[in-house]
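Results of the structural survey
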Amino acid sequence: MHSTDLDFAERADLALENQFLRKAVRFTVDRLRNGKAAGSAALGDFESWRERGRAIRAHTIANLDRYLEQFCDNLERAGGHVHFAADAAEASEICVRIAKDRQAKLAVKSKSMVSEEIELNRHFEAAGIEALETDLGEWIVQLAHEAPAHIILPCIHKSRGEIRALFERHAGAELAEDTATLAGYARKTLRQRFLEADIGISGCNFAIADTGSITMFTNEGNGRLVTTLPRTHIALMGMERIVPSFADLAVMAELLPRSATGQKLTTYLNVISGPRRANEADGPDELHVVIVDNGRSNQLGDPDFQAILHCIRCGACLNVCPVYRQIGGHAYGSVYPGPIGAVLSPLFQPEQELATELADASSLCGACHEACPVKIPIHDMLVKLRERNARPGRKSRTERLMMELSASVLSSPAAFARAGRVARLLQRWTIFDGSRMTFLARRIPVVKNWLGTRRLPPPPKRAFRDLWPDLEREVKS
Amino acid sequence: MKRETFMARVSTRLGRARASAASQSPSASVAPRRSPPSTRAELIAQFSSELAKVGGAVHAVRSNSALELGLMEFVHSTGGRRLVGFGKSNFERFGFDRLWRELDVSCWERGDEGCAASFRARAAAADIGLSIADLGVASSGSMLFLVGAQRPRSVTLLPRSHVAILTTDSIVADLAAALDVLGARGTPPSSALFITGPSRTSDIENDLTLGVHGPAAVTVFLLDN
Amino acid sequence: MWIGLSTFAAPDGARVEPNAITTRAVRVSLFITCLADQVFPEVGVSMVRVLRRLGCEVRFNQQQSCCGQPHHNAGFTPEARRVARSLLDAFDGDDHVVTPSGSCAAMLHHSYPTLFAEDAEELARAQSLAGRTSEFSQFLVNVLGVEDVGATLERTAVYHPSCHGTRLLGVGNEPLRLLSRVRGLELRPLANSQDCCGFGGLFCVKLPAVSAAMTSEKASHVSATGADVLVGTDLGCLMNVAGHMRANGSKIEAMHLAQVLDSGHAQH
């Protein structure tokens, strides 16, 4: 686990040194993005589906108050309980209170990014209640006392050998290293815990206003076990995770799995409308949905950032991001990694240092926007975040000075032309003479870094603007 | 936090005093549709091939007796001994006889809490879950199961092997069509489950493995009616 | 007055005879970009020659400098606006504006509308400029309707599609269509071509190690093709990738598309 007192560049440097991590991340994101390409091609006319997805999300968020009201009314009618949390602390408090009131000892969890966001496990532990992750990757990460490295594949940074070692320590016995044995150990061990658990905690991919339903898209089946076996089911839901009706779900259900892994549909799509009913053999007696704000409502009404609430957490932007590809998720130091994390994290936690540094963790290549199934302009948002960070007092004075100075020169073409002549002349002596860095250049870290890994042709004697008079004559002659 | 306070903040941020009626969701208006298979045979073929792609097995049968025989042969071939199933009344239309006599099947019948606890224990110990799908979805090879008094969740979840009966007249083209059917039924069931093949994970070094939590095998007896 | 576009729309694949259109001059104002102006002037020279061969009347306004993208992308919006304003001044009028950078063209198309959103008059000028501005390959293929410019280059090349040009501006296969008509040129496909090369303007200065890792992966894909020329439409990316490769002993040469299309002609 990377120490949080390192800054992003230092955490990235650490990640770059981890050759297993880099190979594993590249392999995984290639698999996922190739899957997405095939899955979206199979759907046909994917651009129209994206546009439809975008329109549904934009409409829903623009009318979020109405749809949330409708959802809550319908869920209560179906026998569910709705809770509202303004922030992470309140969300955890609500969950802990529900668990304590029921004298719970064990809560089994399926994958939920909101639970990571509100650090639910820590709060449960403090209250003396065991919170057990049951998604295979999440369990591995929990056994290693780490954080997920990817939104949908939490333990891509762990090798088979590391996983075996974790399981052997847990089992107190030796295990073979093949996937079937390791997954089999997880099945056997966790199945027993599911049967013992008092509380099941899940996330919610989309709530449906029209019916008061929550939906979960999962592959392993632990999401179903969590919502079937314990007597109490608590679903954590970001306040924006809602669509109006089944017709809208039909569109999002085509976009989400295809964008995440390329699957046409996840193995399980569970549409839950209230707790177990009379005469049903199984299912939870109680369903609690905790609707979490935690920085989200601040984005409503903000023309630059409201669209971040359209996000459906598919992870497609991670899989195409050239920065994520090199460093993986932990270097971001935030719950949500990758391009979406670089926007979400500072918006949800504006007071933290993340606010200033993650916005720079992008080459603004735009691959995230291109991959997004609901067309969120993530790269534009990163620029807008940089704009916030550039406000006086927030950036280093050197950067501000450089920017102001260069703007003065560049906004005056005459000054630019003069500066160019001087710079080209000076740089031969001071920086780079066409074959090697000068003595001086080797002492300026930025220059040394840049030129140390790149060989440039010798600088031209004259700029294009100086050549132009000759070029102009060329045609006249 | 109180609901009123929470909602008031949302409305205020959106620039209005309180929630107002929303216009129609755009899902209906902008509607890219794939061209779905048109004939029953095409729907069946697509359902079967999509399910096979995700690791499910499909056995086509043409009569109730072939269904019963097929199921019994399947159970014997897996070496499974204990079965757990949906309520027996669900199967009446298939006219099973030998199957009930010769196989050890625990079916859920509505009863008190004690029954529920013992049913859960039997489901957890069973080798095979025997169910009936409400719908098939051709575009993805999925099956829809509507949970209800005679249709427990555990049957399709706890045993290592899940066997489902699906009739060919209940295959629809895509998820949108399936959700249309679900929506048209009025109040949805406590759980509507779309199941697409066996439980899967690639969490260990991207190596796909089946059955990490849910059934490792999903077998469909597709009855042509 | 420049001629309407349809006049130039050559039938698909037809070679446009340069002489056939010299009498109908399309007026082009060159937006050279600060990088090409100061560091790669030869790219501007090639652009001028290619455009003239196709019958364009090329002009160059000395009152231009930079589009303001470095400041904009760093979040220094007022500074970016200040620089961008000077570009609006330099390109008033109704000439086509052609630039050897998809990234700078994208800045005009994608970012100027928000940069000047608050002043109606400036916004109108910005929109007019964006509407007249094309990246070089787009101008040749979509405006002039030309794919074969009569170039010859006996080399093995690989084309890197730059991110801003393709994703923000919408450059598609125009460069490849132009390159496929260059006599003698063997074009090889590039694996993971859609991935950023790691340049990203100030990005490569602020996060040099991450940038170098990205460049290194790009370089390995370019190397694997065995090509001896790396062709692109953005000089920042070309300088970055070829610079990295040459620092590691490769003999690869970076050429802007304009230089390739200017090859094999007797120079004046």
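Residues numbered from 1 in each chain as written. Chains lettered and ligands numbered in written order. Predicted model: local features only at pLDDT ≥ 70, side-chain atom pairs only at ≥ 80, totals over all residues.

1. Brief notes about the overall build of chain C
The cut-off we apply is this: In DSSP terms, a helix is any run of H or I states spanning at least four residues, a strand is any run of E spanning at least two, and both are numbered starting from the N terminus. Working definition of burial: number of other C-beta atoms within 10 Å of the residue's own, with buried at 20 or more, exposed at 12 or fewer, and partly exposed in between, all C-beta atoms being placed from the backbone. The contact rule is simple: place each C-beta atom from the backbone, and if two of them lie within 7 Å, those residues are in contact.
Each helix and strand counted, chain C has 14 helices and eight strands in total. Across the 268 residues in chain C, those meeting the buried criterion constitute 59%. Sequence-distant contacts in chain C: of pairs separated by 6 or more residues, those separated by 24 or more amount to 77%.

2. Things to note about the nonpolar core
Residues and elements named next belong to chain A. To keep it simple, the criterion reads: Joining buried Ala, Val, Leu, Ile, Met, Phe, Trp, Tyr and Cys residues through C-beta atoms within 7 Å gives a set, and that set is a nonpolar core.
Core analysis: the biggest nonpolar cluster contains 292 residues, and Ala107, Met237 and Val290 have the highest contact counts within it. The greatest single-element share of this core, amounting to eight residues, is contributed by helix α12 (residues 246–260). When sequence neighbours within four positions are dropped, the list of residues in contact with Val290 reads His83, Ala85, Ala91, Ile94, Cys95, Ile234, Leu236 and Met237.

3. A word on the arrangement of the chains
Looking across the two pairs of chains in contact, one finds the most contacts between chains A and B. The smallest C-alpha distance separating chain B from chain C is 20 Å, and no contact links them.

4. Points about the pairing of strand β6 (residues 142–146) of chain B
Residue and element names in this part refer to chain B. The condition is simple: Any two strands with at least two DSSP-identified bridges between them are counted as paired.
Burial analysis of β6 places four of its five residues in the buried class, which makes it a mostly covered element. The pairing of strand β5 (residues 135–137) with β6 spans three bridges and is antiparallel. Looking across to β6, one finds that Val137 is bridged to Ser142. Connecting β5 to the antiparallel partner β6 that follows it, the hairpin turn spans four residues, and Gly141 within it adopts a positive phi of roughly 70°.

5. Quick look at the packing of helix α6 (residues 102–115) of chain C against helix α7 (residues 120–132) of chain C
Residue and element names in this part refer to chain C. Threshold: Fitted lines through C-alpha atoms give the axes, limited to the stretch in contact for helices. The angle between two N-to-C directions lies from 0 to 180 degrees. The scheme is simple: roughly parallel for angles under 35 degrees, roughly antiparallel for over 145, roughly perpendicular for 65 to 115, oblique for anything else.
In contact at an axis separation of 9 Å, α6 and α7 are set at 170° when each is read in the N-to-C sense. Between α6 and α7, the angle is such that the two are roughly antiparallel. Of α7, the residues touching α6 (which contributes Leu108, His109, Tyr112 and Pro113) are Leu123, Ala126, Gln127, Leu129 and Ala130.

6. Digging into the interface of chain A and chain B
Selection rule: Ten residue types, Ala, Val, Leu, Ile, Met, Phe, Trp, Tyr, Cys and Pro, are classed as nonpolar, four, Asp, Glu, Lys and Arg, as charged, and the remainder, Gly among them, as polar.
Taken together, the 82 residues of chain A in the interface contact 66 residues of chain B. By residue number, the principal contributor to the side of chain A that touches chain B is α12(A), which donates eight residues. For the side of chain A that touches chain B, the class distribution of residues is 38 nonpolar, 24 polar and 20 charged.

7. Here we look at the interface of chain A and chain C
Each partner contributes to the interface: chain A provides 47 residues, whereas chain C provides 58 residues. Contributions of two or more residues to the side of chain A that touches chain C are made by α1 (8–17), α14 (322–327), α17 (367–371), α18 (378–389), α19 (397–410), α20 (413–430), α21 (445–452) and α22 (464–476) of chain A. In terms of residues, the side of chain A that touches chain C owes the most to one element, α22(A), which gives seven residues. Split by residue class, the side of chain A that touches chain C holds 27 nonpolar, eight polar and twelve charged.

8. Side note on the environment of Leu425(A)
As for its position among the elements, Leu425(A) is in helix α20. Sequence separation between Leu425(A) and Pro459(A) is 34 residues; the distance between their C-alpha atoms is 9.1 Å.

9. Description of helix α3 (residues 41–53) of chain C
Residue and element names in this part refer to chain C. Applicable threshold: An expected span of 1.5 Å times one less than the residue number is assigned to each helix.
Taking 1.5 Å of rise per residue, 13 residues should cover 18 Å, and α3 covers 19 Å from first to last C-alpha, within 8% of that figure. Counting buried positions over the 13 residues of α3 gives eleven, a clear majority of the element. Pro41, Val43, Gly44, Val45, Ser46, Met47, Val48, Arg49, Val50, Leu51 and Arg53 are the residues of α3 that are buried.

10. Topic: the sheet that holds strand β1 (residues 26–30) of chain C
All names here are of chain C. One open sheet accounts for four strands, arranged β2-β1-β3-β4; its pairing is parallel. In the strand order of this sheet, the two ends are held by β2 (56–59) and β4 (133–135), each with one partner. Neighbour to neighbour, the strand axes of the sheet diverge by 35° on average, direction disregarded.

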